[in-house]
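Residues per chain are reported as follows:
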Amino acid sequence: MSSSVVALTVISAIVAAGAFVGFLGGSHRKMDLEQWIVGGRGFGLLLVWLLMAGEIYTTFTFLGASGWAYSRGAPVLYIIGYTCLAYVVSFYILPELWEAARRYRLQTQADFFQVRYNSKYLTAFVALVGMICIIPYLQLQITGLGIIVEVASFGVIHRTPAMVISFAMVAGFVFTSGIRGVAWVSALKDLVLFFAAVFVGVAVPYIYFGGIGPMFAAVARAQPGHLVMPGATTNLGHAWYVSTVLLCAFGFYMWPHFFGASFTAKSGDTLRRNAVVMPLYIITMPLMFFVGLAALLVLPGLANGDLSLLMIVRKTFPSWFLGVIGGAGALTAMVPAGILILTAASLFAKNLCRPILAPGMTDQQVGRLAKITVLAITCAALGSAIFGSTTLVGLLLMGYAGVAQFFPGAVLGLYSKRVTISGVFAGMVTGVLIAVLLMLGKHDPIMGLNAGFVALCFNFAVTGLLSWVTYTGESGFASESMSSPALQSRDNREPT
Amino acid sequence: MPACAKKVLETALPSGCFQRVEFLDLRRAGNTHSRRSGYLSAQCVNQASGSFPTAPPGASSDFPSRPTCLAKCCYTPAHMEHRDDQRFSAKRPSPASILLGLIPFAATCFSVSLWDRVYPTVLGLPFNFFWLILWLLLTPLCMWGAYRLETHRASQPHRKDGGTL
């Protein structure tokens, strides 16, 4: 058997095992909308941990982090900085968000804005921006899958057909299992990825340099600037680091899928304990950096840094091991992709389509519509993956610039009654517009600062100022007994 | 004067519960969080007035549309204790716990120009890599402290608007 066949067989076996666990996790449960989206709101510490961690260990971690360590150098450290701080932020906001979610039976992120600000247009805007930001994140996963199959097949299978096949599978598995299935696959892939990451991260520097210390010494000799910011770039310095870390730490739980994943927890305390221990879970992230830095000396001159991890694995280890890494990588792309698709579909169906375009739909119809949206969103991301060409980290930062704009509305709104709908709506529109203009005009970073962060600052300013001007009296959450009709369940089931 | 008055809203319900009731705390009249409503089983209809009832262990705190009684003599809350206006309002974290959370921010974000250097290397790692990895371990410590503060606060009967932790 040729090496590409071995590698691809192992990858397929791991992916098949993942899909099987997913189908199993989703079966024998009646799937109504609530079960499909938030798993019946009954996940304990373990499952929530896996679900949330599962979304951190994405292709981004696996290929993107090593890729940036390879191509940019020290600026990649922002990833450790922000993930750590994102959990700190989550400690203060998620338990209360969860409490609000339980009280009002919220299912999606946009639902939260509905009960807080009672405007279906703001809700629809949040849903729309959330969906649009999800597309680059999804594109990141698809691109990752394509890279994996391309490298593992030694170039025999091109990236495009690989991406198409893998994503048909993801969409299929989301259709049948909902979030519970996704959570269990997440468990499987974390296990594989964890061992793969530790092994590769330790073994690669050891094989080529005799250890991690000597490797760093070699990098410091060969490319002295690479290990401190701005690394191999000219504009990613300390100001960029601080602004990007802040943007991402605030933006992290504003991702519609993270926001929504927190609703699946059993209690607010689960989320609080989760926030305490989660930084330990990213301890493998530096190992990915090590692999990228080792590749910098061993395989210089790769056109695309995102290939560095897989190329060095392919060069160093037998092909079955490339298959194991590729399989783990494929699952880390599929699980988050599944969650992303699920979130985008429910945002569209529940918060955008029903209240604005077609009021009067039943839950069953919305559920069906959500599944059709699954296909549409997958195709959109697939399309931009085929034609786009940004680094994996670049894609993620683009999404962050968008979702972080929810932060003032969500967090100030959660804790203060003085924040008004006009303030939040205007602030959010300003933030999104500035982020889009700066990014499209290639002004990122601007004056050394992350463009999304600049947009977020304007967002905060407008939200605060306008809320202060338009404040007329307490504007808190909706009354529980009169929660907005857009959120009430419309199926006619008998109470059980 | 009894501490609390019972108001019967409904009787002879299906599912083993006898009465749907509401308790009013007389000592805190006018207070926004002075009501609890729930279900009483037939055996304890006469016993439960006089003091604020507590739910038996294991009783569901979510709104049961048709409650089942768990013990022979029991009070099952219909909802959480709630404020009269039934609006959610979030509990702000304590300043002390926020202060603990600011430590990792100061250490890994704002102070970047102090630690972003290769030398001195520690355990073979450039200093900036070492510093951030170290804070992956120290951040949970800070947050554990914050957790202790928050849960200590929560163990006191404070959540007046009826939420859980």
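Residues numbered from 1 in each chain as written. Chains lettered and ligands numbered in written order. Predicted model: local features only at pLDDT ≥ 70, side-chain atom pairs only at ≥ 80, totals over all residues.

So, on to the interface of chain B and chain A. Contacts between the two partners involve 43 residues from chain B and, on the opposite side, 47 residues from chain A. The set of elements that each furnish at least two residues to the side of chain B that touches chain A consists of helix 1 (95–110), helix 2 (112–115) and helix 3 (127–155) of chain B. In terms of residues, the side of chain B that touches chain A owes the most to one element, helix 3 of chain B, which gives 13 residues. The residue makeup of the side of chain B that touches chain A, split by class, is 23 nonpolar, 12 polar and eight charged. (Contact = placed C-beta atoms within 7 Å. Helix = DSSP H or I, 4+ residues; strand = E, 2+ residues; numbered from the N terminus. Nonpolar A, V, L, I, M, F, W, Y, C, P; charged D, E, K, R; others polar.)

All names here are of chain A. For helix 19 (residues 421–440), spanning 20 residues, the distance from its first C-alpha to its last is 28 Å, which sits close to the expected 28 Å at 1.5 Å a residue. Burial in helix 19 covers these residues: Ile421, Gly423, Val424, Phe425, Gly427, Met428, Gly431, Val432, Ile434 and Ala435. Against the buried residues of helix 19 lie helix 6 (109–117), helix 7 (120–152), helix 17 (392–403), helix 18 (407–415) and helix 20 (451–470). Of the residues trailing helix 19, lysine 442 is marked for its positive phi of about 60°. (Expected span 1.5 Å × (residues − 1). Buried ≥ 20, exposed ≤ 12 C-beta atoms within 10 Å, placed from the backbone.)

Another aspect to go through is the environment of alanine 249 of chain A. All names here are of chain A. Structurally, the position occupied by alanine 249 is in helix 10 (residues 238–251). Between the alpha carbons of alanine 249 and serine 90 there is a distance of 8.9 Å; along the sequence they are 159 residues apart. Other than its neighbours up to four places away in sequence, alanine 249 contacts Tyr82, Leu85, Ala86 and Val89.

For the rest of this paragraph, the subject is the confidence of the model for chain B. Residues and elements named next belong to chain B. On average, chain B scores 67 in pLDDT, and the residues at 70 or more come to 41%. Looking across chain B, the model is least confident in strand 4 (residues 75–77), with a mean pLDDT of 56, and most confident in helix 1, with 90. In this model, residues 79–85 is a region of pLDDT below 50 whose contacts with residues beyond four sequence positions or in other chains number 19 contacts. In this model residues 158–165 is a low-confidence stretch, pLDDT under 50, and it forms 20 contacts with partners more than four residues away in sequence or in other chains. For this predicted complex, the interface score ipTM comes out at 0.83, while the overall pTM is 0.78. (pLDDT = per-residue confidence, 0-100.)

Residue and element names in this part refer to chain A. Between the first and last C-alpha of helix 17 there are 17 Å, a value that for 12 residues agrees with the 16 Å anticipated at 1.5 Å per step. Along helix 17, the positions that sit buried rather than exposed are Leu392, Val393, Leu395, Leu396, Leu397, Met398, Gly399, Tyr400, Ala401, Gly402 and Val403. Lining the buried residues of helix 17 we find helix 4 (59–71), helix 7, helix 10, helix 19 and helix 20.

With an omega of 5°, the peptide bond running from methionine 229 of chain A to proline 230 of chain A counts as cis. Tracing the backbone shows proline 230 of chain A in the loop between helix 9 (212–222) and helix 10. Of note, the amide linkage connecting tyrosine 119 of chain B to proline 120 of chain B takes the cis form, showing an omega dihedral of 5°. Tracing the chain through its elements places proline 120 of chain B in the loop between helix 2 and helix 3. In this model, asparagine 118 of chain A sits at a positive phi of 50°, which is unusual for a non-glycine residue. Looking at where asparagine 118 of chain A falls in the secondary structure, it is placed in the loop between helix 6 and helix 7. For asparagine 118 of chain A, a count of 17 C-beta atoms within 10 Å gives the class partly exposed.

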